[in-house]
Amino acid sequence: MKNRILIIGAGISGLACALMFEKIGYTPVIFEKSDCLRHDGGGLTLWNNATDALQAMGLLEEIYESSKIICESSLTTSSGKILAKIPLDELATKYGTYTVGILRSNLHHILASKLNQTEIKTGYNLVNLKETNEEVIAHFENGHEEAGELLVGADGIYSAVRNKLFPNHDLRFSGYEAWRGISSYTNQYTKSGFTFESWGNGKRFGFIPMSDSLVYWFATRNTLENLKESQISKEQLIYSFREFVQPVPAVIEVTKGKDITRKLIYDFKPLQNWSKGRVVLIGDAAHATTPNLGQGACMALEDSVVLAQCLEQGKNPFDAVKAFEENRKDRAKLIVNKSWMYGKIAQMENSLLCKVRNLIVKNCPSIYKNNNFNKIVGHKI
Ligand SMILES: Cc1cc2nc3c(=O)[nH]c(=O)nc-3n(C[C@H](O)[C@H](O)[C@H](O)COP(=O)(O)OP(=O)(O)OC[C@H]3O[C@@H](n4cnc5c(N)ncnc54)[C@H](O)[C@@H]3O)c2cc1C
């Protein structure tokens, strides 16, 4: 079983860590519960820390070619008043790589297309794990068993691997839902690579170009967890965000209904440990975060590079996964906690409190000069 690593999940974490394991001479096998590799159509912001990790993976040029470089990001009120601006082109000069807006499917495709030795087995839903002195054995719903030297749980927020390792670590509901859409749309923001996030009362809208004529947007609003089944039409969504100025209504309007999805937002409180024996968690399985800082996939990419570095340097898999945990846990905790807090502030609903919040944000020293912000996007692996 020497050098055979089992990876559970073919999302961003699973594909990225397989690629990094190949680079250091391991033979990864990915097991994905779906019947085919997902081509999720949504979009992502990959901040400087993620493009730094992608550079370490040798993928930066290809990522730049398949995405839109973001030059500036602004935070506004729903009526369009500027609260803060982040000159992302200046940050790129400082950190060495750009922030980009990218289709998820482009990122998935680039990662998957670089795998040479990795076998990807679809239709493999992990249901159990067993460990012996020599190996770890994964059991799948289809009746198959597979053994390896190490097992990486890259199976997302609802991780079956995490539930086996650390049962009863419950998800935490944020109090809001997110609608996401992608659409063909061209304006001065898409052409110049400008993103914005607008804050209303208990609602937010975000706009991220992914090319000169393609945009990814999200709209969040406060909701109750037990309203899980509530769906609204595009027209109701436009109505719900009617106080937001253009291009918000226009961009929702031009999005096809099939390209709009809704999700209740969860994370979980930081775990004490991410591994046991020969099993380790990465990505959302280890540290799912609310999407407020746009850092979940960015951290998954960082994790993949660091886990491979630790395996390359460690004497055995046990030392390697412990070194990985030590390297990564504080960083993930910082981001999960900051993102949770950001969500609480951004989703405030009381109109008086929102006015005070906006005044404070507007008069705060620039966000990008803030030490915490620099720690998040300026992080080097
Ligand atoms: C609204 C929203 C906006 C976001 N925006 C951003 C952003 O702008 N930037 C950013 O960096 N991040 C963002 N994120 C976070 C990002 O989407 C996640 O952090 C990232 O997709 C996590 O990747 P992953 O591979 O760890 O997990 P996943 O993408 O969830 O992949 C897990 C994989 O494991 C498979 N799987 C699950 N269970 C099993 C099993 N039992 N057996 C086998 N396979 C299994 C699943 O089918 C899936 O393919 C956002 C998230 C949300 C919800």
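Everything that follows concerns the structure shown earlier in this document.
Fair warning: this is a prediction, and the values are worked out from it, not measured in the lab.

**Q** For the pairing of strand β13 (residues 172-184), give the residues involved together with the corresponding values.
**A** Judged by how many residues are buried, β13 sits mostly within the fold: 11 of 13 residues are covered. Sheet topology note: the β13/strand β17 (residues 260-267) ladder contains seven bridges and is antiparallel. Following the sheet pairing, F173 is matched in β17 by Y266. Bridge analysis of β13 against strand β16 (residues 214-222) gives nine bridges, and the strand direction is antiparallel. Considered in β16, the bridge of G181 is made with W217.

**Q** Which residues make up the sheet that holds strand β9 (residues 126-131), and what values go with them?
**A** If you walk across this open sheet you meet the three strands as β9-β10-β11, and the pairing is antiparallel. Each of the sheet's edge strands pairs with one partner strand only, and the pair in question is β9 and β11 (145-148). Here the average twist between neighbouring strands, direction ignored, is 20°.

**Q** Which residues make up the site of the ligand, and what are the values?
**A** Not every one of the 32 residues close to the ligand is listed here, only the nearest: S13, E32, R104, D284 and A297. The contact in question runs from an oxygen atom of the ligand to an N or O atom on the side chain of D284, over 2.7 Å. Separating a nitrogen atom of the ligand from a backbone N or O atom of G296 is a distance of 3.4 Å. Starting from 1,000 Å² of accessible surface for the ligand in isolation, the protein chains cover 90%. Listing elements by their share of the shell around the ligand, those giving two or more residues are α1 (12-23), β2 (27-32), β3 (43-46) and α11 (296-313). Here the shell around the ligand takes three residues from α11, the largest share from any one element. Here the residues of the shell around the ligand sort into 13 nonpolar, 11 polar and eight charged.

**Q** An account of the nonpolar core is requested, with residue identities and associated values reported.
**A** Most often, soluble globular proteins keep nonpolar side chains buried together rather than apart. Counting 92 residues, the largest nonpolar core has F21, L46, M57, L151 and V152 as the members making the most contacts within it. In terms of residues, this core owes the most to one element, α11, which gives 11 residues. For L151, the residues in contact, after removing those within four places along its chain, are L6, I8, L126, L129, V136, A138, V161, R278, V279 and V280. Ranked by size, the runner-up nonpolar core spans 17 residues in total, among them W179, F196, A219 and V248.

What counts and how
- Residues numbered from 1 in each chain as written.
- Predicted model: local features only at pLDDT ≥ 70, side-chain atom pairs only at ≥ 80, totals over all residues.
- Heavy atoms only, no water.
- Buried < 20%, exposed > 50% of the residue type's maximum accessible area, 1.4 Å probe, protein only.
- Helix = DSSP H or I, 4+ residues; strand = E, 2+ residues; numbered from the N terminus.
- Pairing = 2+ DSSP bridges.
- Axes fitted to C-alpha atoms, helices over the stretch in contact; angles between N-to-C directions.
- Near = heavy atom within 4 Å.
- Polar contact = N/O pair within 3.5 Å; in protein donor to acceptor, adjacent residues only side chain to side chain.
- Areas by Shrake-Rupley, 256 points an atom, 1.4 Å probe, with all protein chains shown as cover.
- Nonpolar A, V, L, I, M, F, W, Y, C, P; charged D, E, K, R; others polar.
- Core = buried A, V, L, I, M, F, W, Y, C linked by side-chain atoms within 4.5 Å.
- Contact = heavy atoms within 4.5 Å.

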